[in-house]
Amino acid sequence: MQRLVAAAVLALALTSTVSAMPVGYDARPPWERSTEGVYCPAGIASYADGDAITVGAMDYWAGDKAAGASGLPTDGNPLNTYTGGGLTHVTMTAEANWFLNTPTGLAYKRDGRTILIADTANNCIRSAKAMGHNFMKTAAGSPAGTAGDLDGQGTNTLFRGPSYVAVHPTELFALVTDTGNHNIRRIDLTLESRVEVSTLVGTGAAGQVDSADGAASFDTPMAIAIDAQGEYAYVTDGSTNYHIRKLTMWGSVSTLTAGAARAAPMGGIAVFPMGTYALFTEDTHGIFMINTDDGTVTEFAGKTATSGAVDAIGTLASFNVPKGLDIHRSGKFALVADSGNHKLRSLDISDPNSIVVTTIAGSGTSTFAAGTGVSRGAPITHALNTPTDVAFSPEGLDAGLVAQGHHVVHRLDLCPKKAEAICADGYYMTKPGVYDSGTMVWPNTNDGTTDWEKHVFPRCETCREECEMYFNYETTPCTSATNRVCTPLAYVVKYSVEVIKHVATFSDVDRANILTSIQAVVTDEIQSQVYSIRESSREKWTWSVITFALYFDTEAKALAAQTELQTALGDLNTQLVANAFADPVTEWKAAWIEFNGFECRNTHYRWGHVLKDHEGDLADENYTPVRNTKTCGSCLFASDYDTKVYYTHNNKTANSTRDMSTFALNRTAADCSADCLGILDLSYPKMDFLDVKKGVFDNLPGVTHLSLSGTGIIGVLDGAFDGLHPNAVIDLRCTNITCAPNVPEGMTLLLPETVMPWDKCNKLTIGPNCTWCSGCDFFTNEAGLLSRGGECRNTCQELDLRDKGIKMLPRWPNAVFDAIHSLRLLHLDAALEPILRPTKHFAIDNTKQRILHIHLWPADSWVIAGYHWFRQSLPEYFPLTEATGNN
């Protein structure tokens, strides 16, 4: 019965384990993330030959490889390395004084390149580099191996027999069980060159007192593990009363097994990725699972009270004083240091009802065997003396193993066929794995006789986030091969119906039946929901006006659904009856279309063209602007071209010309008043334009919804929307308008967040000397900020804006003056001089040769030529030679 319970809770523990990621883990630099997201499909069991699980090579990582001797800590290169077959192998160092002394536990830093080792008999914490140039140093504790209890910096601190270490998911600190001092120590890893050591909790004397304020005590704490969320740590504790203690990162401690102490000392502990359950080992030769919320313990694997080395299923398998263990990030398998058997065991826990125990490393003998032949041999042939801890690397592609009796640390390759690896859940492959050279490597043999082969891991990237319900939907799922694609649900049809039924009130079943009935009438919606419900009742009759929202990805589907709903009242009544909604009386109220959310463009526009990744793109002689178009009935909406644009870019010859889009929206002359109906969506990415020409929206009474966007649209012509449907909705949220345009009563304006509906555009009267400045209207808002609507880049040479109440000029590209290429003389109030900024306000287009005179009345004037400003007095008469003869 207990075995069935274990299977049930394990199934819960495995839920969503692959996608569980630690908190606060910053992105690595490119050279440290080549294997991020890489995953071997079945972990260490991925290259099974029958029931025999095979893995890649096992190498020595740290310690005395020559004789397995102990000694005082010495910093330096632990082992000379050479690279062959895609793995790092080891040879002897010339020096024989690079030692560990009875190491117990280890933990990876999340960069995957560094391990921390609890060098127990040397009373210190060692740091060993794993990739590239191997290097070990004493991170904390006395280099002389002195025991004590002292906080401080690096090697100025003291420990007494530290046993196990766990790195927090943020990688900002690690926790160490300082066993001899009965404390939990905190090592700050913020500065690798100078770590800070402090006592997180513990009195220095043996005890098992719980406390929420840092006054708790421990009795010979041993193993420690931190959950993937970084919230809690779990410690196996006790020299006579054996308990699992639970502590927060600020030192609040409780006893998880307070209801019943364990029967024997506990060795290792590891938390499942989702944090609800943990596995721990016990000197009774068993492995157990504990609920980290309520402390409930169930048998997991191994014959309790019976030692052995049998590979089998669950409790039919046997261990001999198992110690440290770790759970793979996938939650599908675990590794156990089987101390008394001198072996490393694997637990395949992908099937909660069949936990397969397999020996994957260790010959079962403790006799040390020196030499490169053993280090390069298959793991099953290695002599391991009293392994006490094992830890997976962050990506789970290799593992570190402490052989305490030999005073060394091994590294085990868990993914020998690197090219066949895939991307883990939540990642997709951007570059496949490849074979670089050679023939088959380890996994097809356990005898160490095959040749090496070099493999290269695939490159994996994080998939985009889940598609947001009711705004977009998933059209391509996130798989190992593909990134997630979310298609916008750009249109929503809202449909109100009144349903009358002879009941006191509608139940949830009634409302669900109404929704089911509507879904049966309209078949093309992608998502739907009840948007609002208003109910009333009288004399056992209930009236309900229910508004549903049906979401679509295309305008055509939305228009079709609107038509269906308006004509499908009879079908709806039929469906209501079919869905057990008796005696209904249904009345159609309304069906209308709305834009469903929006995303404003990110592309920056300036000077009438799209900025490329670098300005050099503009020198390309083959550069041609994109003329985006939109058809609505018989009409074609498109951006126009300016065919006489001068440029001197990149030392080109002056007065050369080329076509360049003005991004001014225009409309063909065809009459489309009868067939341009419903939604007219001219927003990005369908269209690109900065100005709206006069008359574009005239005589379009069938257009009920209009959407515009563009960072250069700072205003529209007065009366631009008068020709639309009397109740049209005009969406200007993705523009840079500075005031609310004047529209006929009955129309609805959707404005940017910075514009209030009551801040109406105040149209300025321009003249009398500028009658030829046609196609544009100029406005101010309540704050006196100037804006412009329309298109007059080639029709305005002189502009008089004196005494118009202008207090501010817009500062974004393509603003009031930037798009008027023909402007030669501009009159402004002298009060604006302090805020004149040529690179922000005026047409300084370096692709056009021109001079602009700015007259600040009543006296001074400025001249801008290219990028240069200078003062210059204007003559009494200023010639505008290209104008209509006016001076």
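Just above sits the structure.
What you see is a predicted model, and the numbers here were worked out from it, not measured in a lab.

Calculation notes
Residues numbered from 1 in each chain as written. Predicted model: local features only at pLDDT ≥ 70, side-chain atom pairs only at ≥ 80, totals over all residues. Heavy atoms only, no water. Helix = DSSP H or I, 4+ residues; strand = E, 2+ residues; numbered from the N terminus. Buried < 20%, exposed > 50% of the residue type's maximum accessible area, 1.4 Å probe, protein only. Contact = heavy atoms within 4.5 Å. Disulfide = S-S within 2.5 Å. Phe/Tyr/Trp six-rings, centres within 6.5 Å; stacked < 30°, edge-to-face > 60°. Lys NZ or Arg CZ within 6 Å of the ring centre and 35° of its normal. Pairing = 2+ DSSP bridges. Axes fitted to C-alpha atoms, helices over the stretch in contact; angles between N-to-C directions.

**Q** Summarise the environment of Thr-388; cite the residues concerned and give the values.
**A** For Thr-388, the position within the fold is in strand β28 (residues 387–392). Overall, Thr-388 belongs to the buried group, its relative accessible area being 5%. Every residue in contact with Thr-388, bar those within four places of it in the chain, is listed here: Pro-103, Thr-104, Tyr-164, Lys-323, Gly-324, Ala-337, Val-402 and Gln-404.

**Q** Could you give an account of the state of the cysteines, with specific residues and numbers?
**A** Per the counting criterion, the structure on display carries 7 disulfides. Across a sulfur-sulfur distance of 2.1 Å, Cys-463 and Cys-478 are joined as a disulfide pair. Judged by the torsion about the S-S bond (80°), the Cys-463/Cys-478 disulfide is right-handed. Pair noted here: Cys-463 is in the loop between β35 (459–462) and β36 (472–476) and Cys-478 is in the loop between β36 and β37 (485–488), with a separation of 15 residues, a long-range link. In this structure Cys-463 comes out as buried when scored by relative accessible area, which is 10%. Note on cysteine connectivity: Cys-632 is disulfide-linked to Cys-676, with sulfurs 1.9 Å apart. Across the disulfide from Cys-632 to Cys-676, rotation about the S-S bond amounts to roughly 100°, and the bridge is consequently right-handed. Of the two residues, Cys-632 sits in strand β44 (residues 629–632) while Cys-676 sits in the loop between β46 (656–667) and β47 (678–682), which places them 44 residues apart along the sequence.

**Q** A description of the packing of aromatic side chains should follow, citing residues and the corresponding values.
**A** A complete count under the given rule lists 5 aromatic pairs for this structure. When the ring of Phe-333 is compared with that of Phe-392, the centres are 5.6 Å apart and the planes differ by 80°; the resulting orientation is edge-to-face. Within this pair, whereas Phe-333 is found in strand β25 (residues 333–338), its partner Phe-392 is found in strand β28, the two being separated by 59 residues in sequence. A network of ring pairs unites the aromatic residues Phe-637, Phe-697 and Phe-721 as a single cluster. Above the face of the Tyr-232 ring, Lys-246 is positioned so that its terminal group lies 4.3 Å from the ring centre. Between the NZ or CZ atom of Arg-262 and the centre of the ring of Phe-288, over which it lies, the distance is 4.7 Å.

**Q** Let's hear about the sheet that holds strand β18 (residues 243–248): which residues, and what values?
**A** If you trace the 4 strands from one edge of the open sheet to the other, you get β16-β17-β18-β19, paired in antiparallel fashion. Bordering the open sheet on either side are β16 (224–226) and β19 (253–255), each of which pairs with just one other strand. Between one strand and the next, the sheet's axes are offset by a mean angle of 20°, whatever the strand orientation. Across 3 bridges, β18 lies against β19 in antiparallel orientation. Residue pairing across strands places Lys-246 opposite Ser-254, the latter belonging to β19.

**Q** Before we move on, can you summarise the pairing of strand β40 (residues 541–552) with the specific residues and values?
**A** Across the 12 residues of β40, 10 count as buried, placing the element largely inside the fold. Bridge count between strand β38 (residues 491–501) and β40: 11 bridges; the pairing is antiparallel. The residue of β40 that forms the bridge with Val-499 is Ser-544.

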